[in-house]
Amino acid sequence: MPEDLVIAVQQLDPDLPLPAYAHPGDAGADLVAGVDVALAPGERALIPTGIAIALPEGYVALVHPRSGLAARHGLSIVNTPGTVDAGYRGEIKVLLINHDPVEAITLRRGDRIAQLVVQRVERARFEPVTALPESVRGSGGYGSTGGFQS
Ligand SMILES: O=c1ccn([C@H]2C[C@H](O)[C@@H](COP(=O)(O)OP(=O)(O)OP(=O)(O)O)O2)c(=O)[nH]1
Ligand SMILES: [Mg+2]
């Protein structure tokens, strides 16, 4: 097993847990809501998680929705996946949205609302050119290979 990457976490709200993996091998560490929330159908809200982190340079943390909450309640994240930059030292927040057309969603402080995926990331230098190298796909996109059968 590779060694864990150690990430410093500041607990802005000491009663809330650190991000935690539910199982060995999980990619996402669960984040909890720092407050009670009620979301009407279609409503969104920026929810604090009670933590701030210091990612090492060369890493990013992505805030992903939890699939169970999405499937059962229509709960997702507006800007999914949210991007936590390595230099960010503020509180991690989650921009939740209730996609259910009729049911409100009620969440309690401490409920697991999202998951944080830590990844290595490249820093690019964007270099202007007059022509790009050719590729098999070329400029085809947005359904150029077809869609559903129906
Ligand atoms: O789901 C998210 C997304 C972002 N952030 C924090 C960390 C990130 O480093 C910072 C800025 O995010 P982003 O770059 O996506 O937002 P922006 O609208 O471009 O703001 P800025 O101008 O501050 O970069 O906000 C979160 O806490 N949760
Ligand atoms: Mg930005």
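Bear in mind that the values here come from a model prediction, so they are computed numbers and not experimental data.

Colleague: Kindly report on the overall build of the protein chain, identifying the contributing residues and their values.
Modeller: Looking only at helices and strands, one finds one helix and 12 strands in the protein chain. Mapped from its N terminus to its C terminus, the protein chain presents α and β elements in the order β-β-β-β-β-β-β-α-β-β-β-β-β. The globule rule puts the C-alpha radius of gyration for 150 residues at 15 Å, and the 19 Å found for the protein chain is more than 25% above it. Projected onto its principal axes, the C-alpha coordinates of the protein chain cover approximately 55 × 45 × 30 Å.

Colleague: For the pattern of salt bridges, give the residues involved together with the corresponding values.
Modeller: Enumeration according to the criterion identifies six salt bridges in this entry. Across the pair D30 and R112 runs a salt bridge whose closest N-O atoms are separated by 2.8 Å. On the criterion of sequence distance, the pair formed by D30 in strand β3 (residues 28-32) and R112 in strand β12 (residues 112-120) is long-range, its members being 82 residues apart. For D30, a relative accessible area of 10% puts it in the buried group. On the basis of relative accessible area, R112 is assigned to the partly exposed category, the value being 39%. Through salt bridges with shared partners, a single network forms among D13, D15 and R109.

Colleague: Outline the confidence of the model for the protein chain, listing residues and values.
Modeller: For the protein chain, per-residue confidence averages 97 on the pLDDT scale, and residues scoring 70 or more make up 100% of the total. Predicted as a complex, the structure gets a pTM of 0.96 and an ipTM equal to 0.99.

Colleague: An account of the sheet that holds β12 is requested, with residue identities and associated values reported.
Modeller: Overall, antiparallel pairing links the five strands, which are arranged β2-β3-β12-β7-β9 in an open sheet. Only two strands of the sheet have a single neighbouring strand rather than two, namely β2 (20-21) and β9 (82-84). As paired elements, strand β7 (residues 59-64) and β12 share six bridges and run antiparallel to each other. Residue V60 lies in a different strand from β12, and its bridge partner there is Q119.

Colleague: Please provide a residue-by-residue account of the site of ligand 1, values included.
Modeller: Neighbouring ligand 1 are the residues V63, N79, G82, T83, V84, D85, Y88, E91, I92 and K93. At a separation of 2.6 Å, an oxygen atom of ligand 1 approaches a polar side-chain atom of D85. One of the backbone N or O atoms of K93 is found 2.7 Å from a nitrogen atom in ligand 1. When ligand 1 sits alone it has 560 Å² of accessible area, and the protein chains cover 49% of it. A breakdown of the residues in the shell around ligand 1 according to their chemical character gives four nonpolar, three polar and three charged.

Colleague: Would you mind going over the side chain of T49 in detail, with residue names and values included?
Modeller: Secondary-structure assignment places T49 in the loop between β5 (44-48) and β6 (51-54). A polar atom in the side chain of T49 sits 2.7 Å from the backbone oxygen of I92. If we ignore the near neighbours within four places in the chain, the residues touching T49 are L16, L31, V32, G34, E91, I92 and V94.

Colleague: Quick rundown of unusual backbone geometry? Include the residues and the values.
Modeller: Residues apart from glycine generally show negative phi values, whereas peptide bonds are mostly found in trans. The amide bond that connects T80 to the next residue, P81, takes the cis arrangement and shows omega of -10°. With respect to the helices and strands, the residue P81 is situated in the loop between β8 (75-77) and β9. Positive phi values are uncommon outside glycine, yet Y142 reaches one of about 50°. Tracing the backbone through its elements, the reader meets Y142 in the segment after β12. The class of Y142 is exposed, set by a relative accessible area of 92%.

Procedures and definitions
- Residues numbered from 1 in each chain as written.
- Chains lettered and ligands numbered in written order.
- Predicted model: local features only at pLDDT ≥ 70, side-chain atom pairs only at ≥ 80, totals over all residues.
- Heavy atoms only, no water.
- Helix = DSSP H or I, 4+ residues; strand = E, 2+ residues; numbered from the N terminus.
- Rg over C-alpha atoms; globule rule 2.2 N^0.38 Å.
- Salt bridge = Lys/Arg side-chain N within 4 Å of Asp/Glu carboxyl O.
- Buried < 20%, exposed > 50% of the residue type's maximum accessible area, 1.4 Å probe, protein only.
- pLDDT = per-residue confidence, 0-100.
- Pairing = 2+ DSSP bridges.
- Near = heavy atom within 4 Å.
- Polar contact = N/O pair within 3.5 Å; in protein donor to acceptor, adjacent residues only side chain to side chain.
- Areas by Shrake-Rupley, 256 points an atom, 1.4 Å probe, with all protein chains shown as cover.
- Nonpolar A, V, L, I, M, F, W, Y, C, P; charged D, E, K, R; others polar.
- Contact = heavy atoms within 4.5 Å.

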